Amino acid sequence: MTVQTDVLVIGAGAAGLMCAATAAARGRRVMVIDHAKQAGKKILISGGGRCNFTNLYLEPANYLCGNRHFVKSALAQYTQWDFIDMVVRHGIAYHERDHGQLFCDDSAKEIVKMLLAECDNGGVQLRLRTEVESVSKLDQGFAVATSIGRIQCQSLVVATGGLSMPKLGASAYGYRLAEQFGLMVLPTRAGLVPFTLQPQDKLHFEPLSGISLTATVAARRGPAFTEQLLITHRGVSGPSVLQASNYRQPGEAVSVDLLPSVDVAEALAQARQAHPKRQLQTWLSEHFPARLAETLIAYHGWQNLPLGQLNKATLEAIPAQLNRWQLKPGGDEGYRTAEVTLGGVDTDQLSSKTMECKTVPGLFFVGEVMDVTGWLGGFNFQWAWSSGYVAGQNA
Ligand code: FAD
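Think of each chain on its own: its residues are numbered from 1, step by step along the sequence as written. Local features in this predicted model are restricted to residues of pLDDT 70 or higher, and side-chain atom pairs are both shown and tallied only at a pLDDT of 80 or more, whereas totals for entire chains, interfaces and linings draw on every residue. Values reported for side chains reflect all heavy atoms of the structure, with hydrogen atoms and water molecules removed beforehand.

The protein goes by Flavoprotein, HI0933 family in an unreviewed UniProt entry, where it is assigned to Ferrimonas sediminum. The heading Cofactor (unreviewed entry) in the UniProt record of the protein holds the text "FAD". UniProt positions are given in the numbering used here, feature names are shortened, and annotations may be inferred rather than shown by experiment.

What follows concerns the pairing of strand β1 (residues 2-10). Consecutive side chains along a regular strand alternate between the two faces of the sheet. Strand pairing requires that DSSP identify at least two bridges connecting the strands. Helix and strand assignments follow DSSP, with helices taken as H or I runs no shorter than four residues and strands as E runs no shorter than two, numbered in order from the N terminus. Sheet analysis places β1 next to strand β10 (residues 149-158), joined by eight bridges and oriented parallel. Note on β10: the bridge partner recorded for Gln 4 is Gln 152. Where β1 lies against strand β2 (residues 30-33), four bridges are found, and the strand directions are parallel. When the bridges of β2 are listed, Val 7 appears paired with Val 30. Look down the strands so they point away from you; if going from the first strand over the helix to the second traces a clockwise path, that crossover is right-handed. In this fold, the crossover linking β1 to β2 by way of helix α1 (residues 14-25) has right-handed handedness.

Per the UniProt entry, the sites bearing "domain: RsdA/BaiN/AoA(So)-like insert" (unreviewed entry) are residues 189-340 in this numbering. Between the end C-alpha atoms of residues 189-340 there is a gap of 9 Å, over a span that is 36% helix and 22% strand.

Considered for burial, the residues of helix α9 (residues 264-274) that qualify are Val 264, Ala 267, Leu 268 and Ala 271. What you see down the axis of α9 is that its buried residues fit within an arc of 100°, all on one side. Away from its buried face, by an angle of more than 90 degrees, α9 presents the exposed residues Gln 270 and Gln 273. For α9, the N-terminal cap is Asp 263; the gap from its side-chain oxygen to the backbone nitrogen of Ala 265 is 3.2 Å. Summary of the burial criterion: residues with accessible area below 20% of their type's maximum are buried, those above 50% are exposed, and those between are partly exposed, where the area comes from a 1.4 Å probe applied to protein chains only. Working definition: the arc comes from the directions between the helix axis and the C-beta atoms, pointing outward to the latter. For the purposes of these results, a polar contact is taken to be a pair of N or O atoms within 3.5 Å, where, inside protein, one atom must be able to donate a hydrogen and its partner to accept one; residues adjacent in sequence count only when each atom of the pair is a side-chain atom.

Take the sheet that holds strand β14 (residues 224-231) next. Spatial strand order, β17-β16-β13-β14-β15-β12-β18: seven strands in an open sheet with antiparallel pairing. Lying at the two open borders of the sheet, with one neighbouring strand each, are β17 (325-327) and β18 (331-332). For strand β12 (residues 195-196) and strand β15 (residues 235-237), the ladder comprises two bridges, and the chain directions are antiparallel. When the sheet's bridge partners are listed, Thr 196 is paired in β15 with Gly 235. Contacts were defined at the residue level, with two residues in contact if any of their heavy atoms lie within 4.5 Å. Angles run from 0 to 180 degrees between N-to-C directions of axes, and those axes are lines fitted to C-alpha atoms, restricted for helices to the stretch in contact. Those strands touched by helix α12 (residues 312-323) are β16 (254-257) and β17, and its axis lies near 110° from that of β16.

Here we take up the site of the ligand. Residues in close proximity to the ligand total 31 residues, the closest being Ala 15, Asp 34, Ser 171, Glu 368 and Phe 381. Take Asn 52: an N or O atom from its main chain is 2.9 Å from a nitrogen atom of the ligand. Those elements that place two or more of their residues in the shell around the ligand are α1, α2 (41-45) and α13 (379-394). It is α13 that provides the largest number of residues to the shell around the ligand, a total of four residues. All amino acids are sorted into three groups, where Ala, Val, Leu, Ile, Met, Phe, Trp, Tyr, Cys and Pro are nonpolar, Asp, Glu, Lys and Arg are charged, and the leftover types, Gly among them, are polar. Considering only residue class, the shell around the ligand consists of 14 nonpolar, 13 polar and four charged. We define proximity as follows: a residue is near a molecule or strand when any one of its heavy atoms falls within 4 Å of that partner.

It is worth spelling out the state of the cysteines at this point. Disulfide: a pair of cysteine sulfur atoms within 2.5 Å of each other. Under the counting rule described, the total for this entry stands at zero disulfides. Cysteine Cys 119 is unpaired, with the sulfur of Cys 19 as its nearest cysteine sulfur at 9.3 Å. The exposure class assigned to Cys 119 is buried, which follows from its relative accessible area of 5%. Looking at the unpaired Cys 357, the closest cysteine sulfur is the one in Cys 153, lying at 14 Å.

Looking now at the pattern of salt bridges. Any carboxyl oxygen of Asp or Glu that lies within 4 Å of a side-chain nitrogen of Lys or Arg is treated as forming a salt bridge with it. The full count for this structure, using the stated rule, is ten salt bridges. Where Glu 333 meets Arg 234, a salt bridge forms, and the shortest distance between an N and an O atom there is 3.6 Å. Taken together, the residues span a long stretch of sequence, with Glu 333 in the loop between β18 and β19 (340-345) and Arg 234 in the loop between β14 and β15 at a distance of 99 residues. By relative accessible area, Glu 333 is classed as buried at 13%. The network of salt bridges with shared partners includes Asp 6, Arg 28 and Arg 29.

Here it is, written out as structure tokens:
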């Protein structure tokens, strides 16, 4: 038996549910299928269980994409304010944290409940634990063979997300489907991901795991991010590191300013004059936790002398290593812990106004499966909402 529907969405994540609810609100018959046993799994674990669902200060510049203009139309058609309206309409309490990040007061479950309620209102049929076996193009629409039977649809929306967190149901299926229809898939890699350290660096820093400080981290071809840096068992993490990871190419060093609010050369010169007998470690402990101060001396091979006795080489090395430390990570933690996937379906082949494929009418891609990646801070969900919405208006 073949089931007929107007719109079939593959993937019941953030973008798929938003697209389904929007299309259903237009009166389209919509079905959503997902191989997972639960909808919106990533939403549920996001933001430490409170879902950082959007950002007040959203700009197209907060996104990485091969075509930097691509995100503009969808983000303008469905803004953060539109999503906030929906959140308010559903009575979900939220609060703002640093940098305009909005989180639920209570639980990310409320966002999933809200999206499912919106889908329900429009009569969307949700089929979980459903595998896609094949997709073929018909004269009018598509035929999709699935583990629950054959589904025929006019519009097919691919909302299968990226590769991060395979345990939550991530798969490369969306990329394979894009390739089947002749679309280009740009190379993928983990984004918003912690760095691992090289063995010799790890020896020094692993015992400090748990220490965090405000630092500025910048990849060679990216902006500088001043936020928390956290030392972990494997390397370094925290918002400043995750943000920079989106821009770091494999093998490259990142520049780390461990004291972004201090001009170390100037502060050291002043301290030498005022307290020439103060030990270097004592001075460093005024700026860092004591254990980190001790480690920095050992790691960089500085002599722990009174400030007045430091030689020229050390006086030059300290500001360079503290304000402009060139840290070469061993690598990153990969898709296991990455929040997002960089790369994906090339946006050049999609309409930025509708997310429809230019060469295959009726085929849409939404959310993270395409080559659009946001900064940390609610930008990735906003992309899911905006791209899902515009596809839902047109599918
Ligand atoms: P997903 O939400 O990943 O949904 C894809 C869906 O497709 C899944 O349900 C999956 O099961 C299904 N699927 C995949 N393959 C198949 C297949 N072959 N057949 C059927 N179904 C399939 N972003 C923020 O903006 N704020 C945050 O606070 C935040 N926190 C995060 C925390 C973590 C730990 C992680 C991993 C990510 C976080 N993100 C956050 C990123 C955000 O979750 C994603 O960018 C967003 O979920 C992408 O939405 P999507 O709908 O494109 O993909």
